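What follows is each chain in one-letter form.
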Amino acid sequence: MNTALSWIKAYVPDLDVTPQEYLDAMTMTGTKVETFECLDKNLKNIVVGQIKSIERHPDADKLIICQVDVGDKTLQIVTGAPNVNVGDKVPVVLDGGKVAGGHDGGPLPEDGIEIHNGKLRGVESFGMMCSIEELGSDRNFYPEAPENGIYIFPADVKVGADAVEVLGLHDTVFEYEITSNRVDCYSVLGIAREAAATFDKKFVPPTVEVKGNGEDVNKYVSVEVADKDLCTRYCARVVKNIKLAPSPQWMQRRLAASGIRPINNIVDITNYVMEEYGQPMHAFDLDTVEDHKIVVKRAADGDKFVTLDGQERTLDREMLMICDGKKQIGVAGIMGGENSMITDNVSTMLFEAACFNGANIRKSAKRLGLRTDASGKFEKGLDPRNALDAINRACSLIEELGCGEVVSGVVDICEPLPELRKITFCADRINALLGTDVAEADMLKIFDKLELPYEKNGDSYVMTVPSFRQDLEGVADLAEEVARFFGYDKIPSTLPSGEATTGKISFKQRIEQKAAEVAQYCGFSQGMCYSFESPKVFDKLLIPADDKLREAITISNPLGEDFSIMRTISLNGMLTSLSTNYNRRNKNVRLYELANIYLPKSLPLTESPDERMQFTLGFYGDGDFFTMKGVVEEFFESIGMKETVTYDAKAGKTFLHPGRQALIVYNGTVCGYLGEVHPAVCDNYDLGTKTYVAVLDMPSIVPLASFDRKYTGVAKYPSVTRDISMVVPKEIPVGDIEAMIRQRGGKMLESYSLFDIYEGSQIKEGFKSVAYSIAFRASDRTLTDDDVNAAMKKILNGLEGMGIELRQ
């Protein structure tokens, strides 16, 4: 948002500050000024001169010698400009003066160019006549300037006058950073209102009066709003007998300072009101509007429409269009159509000012790839009460500048306007929020300056928030207004009140933190893998075609096929990282990752997916299946899961070795799986060695974990150990043996450990030798042989029932 200081002063007449003072004060009251540019920077000693005579240079065909009256004297100036004539009034830089740059319009030198008297091909020249480029501007903002030559003033300009002032360059342009909640400050009037409050000056808005010609506008045009959810207000006025001409200099200068190129009086008025009121407007040639009817409705999917820039646009059903009785004539809130544009032959014009749905305009502009000044304002959500004021201001300017004849009346299709918000406040509450002691009278004075009306209501006040201040929603917002104008720098430093609490991480985060600690302790390094993957991952992992893991969320705007779905399994990233290390000849690599997988609850996606944190471990090199199993059990023990972990060999994971995989089960809950990667999968990932992985589902583990610890005293009585060696059928896993030992061992069972497994010629075929050391202890006495023998008998009976024999 850019504004000229002179435009602000038009509504704050008593404002008298330097640019730096303005920047500092406005920024301190919340209207942040990014920077400013003095248009007369490096312009010095430049006056209006009139050419009295011209003669050719005796020694140069392209130079002429001019006698120029500069008010108090006549100077001889040599120039090569081809466009000057006797009687022309031109800008003249006197000896010792400065211009901003060269006539070629290139980058302006930082300190300008100083001009001195001199000689050109032997003829003395006392000064220099200037092009508009040498004055620091260009033809975009001074369209009347010649393309190549000296700038010519109008005939009524006084000779000897300050040329910079005549051109309107004794001005400063400020650039603001406006937050999106302050829609009112996207207008010059909004900025001026803030400036008046900041400097405690009177705010004088423009006087708007439309006389009209006495005719009824409804005889010229009718309006129908079909999609009222996207257009809550549509105002239309008609102007006839249009007289196209350049807009006045003051309007051109203000538009130019805002970065808008002047075109003609009609276009300039619509742009002027858009900047002044923050309300975009559009003008249609009424003679091109079929049936003199406006219909506001959605487009149809696949519709084609040519906008003012000559580009054909493809529309969809969510885009709002301005239509006439037969065709589309504009994209609502974004750009008009080529088929209804204002041309030099226009005689009757329709003015539009509307309030469109901001979110819809933003999305439509994005889909069309067409963001305009109008859409940039609409998308922030405009005040519906502002539309009528803006269109009346435009018609007032039409009459003031003699651009046409305004037809009386307004077509105003308006949904019921929302009631103005009311906020109850009191000085004590605001002071409590700010930590200040601002007097109530001072607060009310601030609200008066900001045009925020209020009335007394018992011990408090009730403010009726004006519609242009959509950002004021509660007492905290009013406190902010007080703070802005009381002065943030005046608010005293105070200690926070209230009870201090100790910060901590959540229980879930503690579990994840412990997982990382255990992994690192066991020699694993952390990896980070992409959540976006390729659908080809499922084939690399040998996942069946009907597996639910293939039901992945598809990215609507992927970077490419390799990043087109959200991962449903964490192994691809882990195996890819291990493969990278293996192929770079790293011998022993251990990696872990704590990251989410994304399981859709339904497809197509209608609700947020189930995001499940996975603790993924992978390694190759030193170690085997049991190494990974040990890491898993170390983690479980560290988070208080001290019950025995069991393993189900019937995991059914196609990406794991069929004989070296298992589900990890704790108290009946499947918490994950581990195993050796299937050789075919290793080949797919270019891993030429045995690789082992484990995946733990953290949402399943967190409810089972505990950091509670119960102290157990040092044993007072000795333990008794029994070793047993058994001949076990090969199909019986040691986990089943250990389960039987736990079941039959009773309260005296303290521990057990497997210390030998043997298969060989001394053991009959189909069997293996398994040896355990079993320890017993009582907390209240020394165990006798009878106690231990009774417990051992129960264990042995149970084992015999499984087909296990004691080895003799």
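Calculation criteria
- Residues numbered from 1 in each chain as written.
- Predicted model: local features only at pLDDT ≥ 70, side-chain atom pairs only at ≥ 80, totals over all residues.
- Heavy atoms only, no water.
- 1 Å grid on protein atoms, 1.4 Å probe; cavity = no way out; pocket = protein on both sides within 12 Å on 5 of 7 lines; lining within 4 Å.
- Points joined across faces, edges and corners; volume = space filled by probe spheres on them.
- Helix = DSSP H or I, 4+ residues; strand = E, 2+ residues; numbered from the N terminus.
- Nonpolar A, V, L, I, M, F, W, Y, C, P; charged D, E, K, R; others polar.
- Domains from an automatic or database assignment.
- Core = buried A, V, L, I, M, F, W, Y, C linked by side-chain atoms within 4.5 Å.
- Buried < 20%, exposed > 50% of the residue type's maximum accessible area, 1.4 Å probe, protein only.
- Contact = heavy atoms within 4.5 Å.
- Pairing = 2+ DSSP bridges.
- Axes fitted to C-alpha atoms, helices over the stretch in contact; angles between N-to-C directions.

A. Molecular detail of the layout of surface pockets. Estimates place the volume of the largest pocket at around 1,300 Å³. In terms of lining residues, the largest pocket is bounded by 38 residues, among which Phe626, Lys629, Tyr647, Val734 and Gly735 are the most central. Counting only elements with at least two residues in the lining of the largest pocket, the list comes to α16 (625-638), β32 (645-648), β33 (656-666), α19 (734-745), β37 (749-758) and β38 (767-776). Of the residues that constitute the lining of the largest pocket, the class distribution is 16 nonpolar, 6 polar and 16 charged. Lining the lining of the largest pocket are residues from two domains, each supplying at least three of them: domain 5 (507-704) and domain 6 (720-807).

B. Layout of the nonpolar core. Counting residues in hydrophobic clusters, the biggest one holds 54 residues, and the most contacted among them are Ile8, Tyr22, Ile269, Met349, Phe351 and Ile398. With 7 residues, the single largest contributor to this core is helix α9 (residues 386-400). Both domains that furnish three or more residues to this core are identified here as domain 1 (2-39 + 172-198) and domain 3 (217-414). Leave out the neighbours within four places in its chain, and Ile269 touches Met251, Phe351, Ala394, Leu397, Ile398, Leu401 and Cys403. Core analysis: the second largest hydrophobic core is formed by 42 residues, Val217, Tyr220, Met319 and Val331 among them.

C. Geometry of the sheet that holds strand β11 (residues 172-177). Taken in spatial order, the 3 strands of this open sheet run β1-β11-β2, and their pairing is antiparallel. The open sheet has two free edges, formed respectively by β1 (2-4) and β2 (32-38), since each of these has just one partner strand. The mean angle between the axes of side-by-side strands here comes to 25°, regardless of whether they run parallel or antiparallel. When β1 meets β11, the two strands line up antiparallel, connected through 3 bridges. For Ala4, the partnering residue across the bridge sits in β11 and is Val173.

D. Focus on the domain arrangement of the chain. Taken as a whole, the chain is organised into domain 1 (2-39 + 172-198), domain 2 (44-166), domain 3 (217-414), domain 4 (422-490), domain 5 (507-704) and domain 6 (720-807). For domain 3 and domain 6, the distance between their C-alpha centres works out to 91 Å.

E. Examining unusual backbone geometry more closely. For the bond running from Leu603 to Pro604, omega is 0°, close enough to zero to count as cis. Its place among the elements puts Pro604 in the loop between β30 (589-599) and β31 (610-620). The backbone phi angle of Asn45 is positive, close to 60°, even though this residue is not glycine. Note that Asn45 resides in strand β3 (residues 44-56). Positive phi outside glycine occurs at Asp200, with the angle close to 55°.

F. Region of interest: the sheet that holds strand β26 (residues 460-464). One open sheet accounts for 3 strands, arranged β24-β26-β25; its pairing is antiparallel. The outermost strands of the open sheet, each flanked by one partner alone, are β24 (422-425) and β25 (454-457). Sheet twist, expressed as the mean angle between neighbouring strand axes with direction ignored, is 25°. Across 4 bridges, the pairing between β25 and β26 is antiparallel. In the sheet register, Lys456 faces β26, and the bridge partner there is Tyr461. Its contacts with the sheet put helix α11 (residues 440-449) on β24, β25 and β26, and the angle it makes with β25 is roughly 145°.

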